[in-house]
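The lines below spell out each chain.
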Amino acid sequence: MDNMLTEGELRRRRRELHALAGQIETEPRGREAIRYGLDGPQGRQLYESCSDQELLDLLRERAAALGRSPAQNEVHWSCRIYLRARFKNWPNALRAAGLSRSAGRCGKRLEQVQAEEQESQRLLAQVREARKTLGRMPHPSDLPEVLRGLRHQYKTWGEVLAAAGVLDTAPLPPLGPLEAEYKPLLEAVHRRAEELNRAPLRREVDPKTVETLVRRCGSWRRVLEQLDLEPVRRIAPFSNTRLGDRSGKPPARHRGSLHDCYYRLLRVDETTAQDLETVAETARRLGRPPERREIPLPVRRRLQDACGSWSNALYQLGLEPHRPG
């Protein structure tokens, strides 16, 4: 332990790192390898004492000096190995620092990166505003400017919605009871829900009924709120709606299958209730949601038939699929 650094020495070494960051030395020399290298106890101790923020600040300071994202050979070797060890690779470190992954002399200038970030935030704000205005998650067709502006930054529309923070299902302000003229239409939706044993999708109800109720309520979700029905919810909304398609085809809509959805069963028969209790008992014993293979095959098959999928069977119990590792 004689080789270990004191707290005061660690603080001094971290200050030295900031001074070294701008020096172009690509390989360790002499005692520097002992002081800063990860193979030695002092270098390892210094690295572990640095927070993520401190290491990213080294990168940002170098970027500010260059006016762009630095390439690996444009920072001191110690900073390079610390950043790569902490963030797995150089592009990940640049991304974590909020810098363009296009590094080196051909990379984007910081002014360009900052301008692009401001434009991205402006477009994401449009998504949030559309969520409020529409009373539902906006579709790509609702926001063509956003679709064009973010197609190189995100792979799917679902990623755009996640970045904008609108994937939540927080309740909207209540509408209050509808006028009497809408009561027969709501009763028709309720009957359809009883037939399906779940909240119906828009396409599963008479189009004229849907059009009239959505015009009054603002969205299908708010129509269902009138009946105290929880809408069918995609596990990963718009994950199949890719933004980079140059074919000219319109963006894909939601898949028609309910396999990748969460929805609440309105009625649970005795057999399904017993099967769900089997899953619940297994979850209590394991201390986590069980995997499919941990449930007897007949039980699992009955639940998948009754609930549409294993994920939705767990959803009836307030559980999410367990992902090992």
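Conventions used here
Residues numbered from 1 in each chain as written. Predicted model: local features only at pLDDT ≥ 70, side-chain atom pairs only at ≥ 80, totals over all residues. Heavy atoms only, no water. Helix = DSSP H or I, 4+ residues; strand = E, 2+ residues; numbered from the N terminus. Buried < 20%, exposed > 50% of the residue type's maximum accessible area, 1.4 Å probe, protein only. Contact = heavy atoms within 4.5 Å. Areas by Shrake-Rupley, 256 points an atom, 1.4 Å probe, with all protein chains shown as cover. Core = buried A, V, L, I, M, F, W, Y, C linked by side-chain atoms within 4.5 Å. Axes fitted to C-alpha atoms, helices over the stretch in contact; angles between N-to-C directions. Parallel < 35°, antiparallel > 145°, perpendicular 65-115°, else oblique. Left-handed = near helix turned anticlockwise from the far one by under 90°. Arc of directions from axis to C-beta. Salt bridge = Lys/Arg side-chain N within 4 Å of Asp/Glu carboxyl O. Phe/Tyr/Trp six-rings, centres within 6.5 Å; stacked < 30°, edge-to-face > 60°. Lys NZ or Arg CZ within 6 Å of the ring centre and 35° of its normal. 1 Å grid on protein atoms, 1.4 Å probe; cavity = no way out; pocket = protein on both sides within 12 Å on 5 of 7 lines; lining within 4 Å. Points joined across faces, edges and corners; volume = space filled by probe spheres on them. Nonpolar A, V, L, I, M, F, W, Y, C, P; charged D, E, K, R; others polar. Disulfide = S-S within 2.5 Å.

## Let's talk about the overall build of the chain
The secondary structure content of the chain amounts to 15 helices and two strands. Split into buried and exposed, the 325 residues of the chain put 42% on the buried side. The long-range share in the chain, meaning contacts at least 24 apart out of those at least 6 apart in sequence, stands at 67%. Counting every atom, the chain has about 18,700 Å² of accessible surface; 49% of that belongs to carbon and sulfur.

## Examining the nonpolar core
Across soluble globular proteins, nonpolar side chains show a tendency to be buried alongside one another. Of all hydrophobic cores here, the largest spans 26 residues; its most connected members are Leu17, Tyr36, Leu55, Leu59, Tyr82 and Leu83. At the level of elements, α1 (7–20), α3 (41–49), α4 (52–66), α5 (77–87) and α6 (90–96) are the ones that each hand at least two residues to this core. Excluding residues that lie within four positions of it along the chain, Tyr36 makes contacts with Arg13, Glu16, Leu17, Leu20, Gly43, Leu46, Trp77, Ser78, Ile81 and Tyr82. Ranked by size, the runner-up nonpolar core spans 16 residues in total, among them Ala199, Val210, Val214 and Leu227.

## Quick notes on the packing of α1 against α4
One can describe the packing of α1 onto α4 by two numbers: an axis separation of 9 Å at closest approach and a directional angle of 25°. With respect to α4, the axis of α1 lies roughly parallel. Relative to α4, α1 is oriented so that their crossing is right-handed. Contacts between α1 and α4 involve Arg14, Leu17 and His18 from the first element and Glu54, Asp57, Leu58 and Glu61 from the second.

## Things to note about helix α9 (residues 157–164)
Since there are 3.6 residues in each turn of an α-helix, residues three or four apart along the chain are aligned in direction. Those residues of α9 lying buried are Trp157, Gly158, Val160, Leu161 and Ala164. The buried residues of α9 occupy an angular sector of 160° when the element is viewed end-on, so they sit on one face. Just downstream of α9, Gly165 is the residue with a positive phi angle, here 75°.

## Here we look at the pattern of salt bridges
All told, the structure shown has 18 salt bridges when counted by the stated rule. The shortest N-O distance in the salt bridge between Glu119 and Arg122 comes to 2.8 Å. With a gap of three residues between them, Glu119 and Arg122 both fall in helix α7 (residues 110–134), about one helical turn apart. For Arg264, the salt bridge identified is with Glu230, shortest N-O distance 3.9 Å. Here Arg264, found in the loop between β2 (261–262) and α13 (270–286), pairs with Glu230, found in the loop between α12 (220–225) and β1 (233–234); they are 34 residues apart in sequence, far enough to count as distant.

## Things to note about the packing of α1 against α3
For the pair α1 and α3, the least separation of the axes is 10 Å and the interaxial angle reads 80°. In terms of orientation, α1 lies roughly perpendicular with respect to α3. Across the interface between the two elements, Leu10, Arg13, Arg14 and Leu17 from α1 touch Gln42, Gln45, Leu46 and Ser49 from α3.

## Remarks on the packing of aromatic side chains
This structure, assessed with the given rule, holds two aromatic pairs. The cationic tip of Arg86 hangs over the ring face of Tyr47; the distance from NZ or CZ to the ring centre is 4.6 Å. Here the guanidinium or amino end of Arg198 rests over the ring plane of Tyr263, the centre of that ring lying 5.7 Å away.

## Describing α3
Three or more residues of α3 are buried, namely Gln42, Gly43, Gln45, Leu46 and Tyr47. In the core, the buried residues of α3 are packed alongside α1, α2 (32–36), α4 and α5.

## A few points about empty space enclosed by the protein
Here the structure, examined in full by the defined rule, presents two cavities of 30 Å³ or more. Empty space within the largest cavity amounts to approximately 40 Å³. Arg14, Leu17, His18, Cys50, Glu54, Leu55 and Leu58 are the residues that line the largest cavity. Secondary-structure elements contributing two or more residues to the lining of the largest cavity are α1 and α4. Tallied by class, residues from the lining of the largest cavity come to four nonpolar, one polar and two charged.

## A few points about the state of the cysteines
Throughout the structure, instances matching the rule amount to zero disulfides. Cys50 carries a free sulfur, and the closest cysteine sulfur to it, the one in Cys79, is 9.0 Å from it. Given the relative accessible area of 5%, Cys50 is considered buried.

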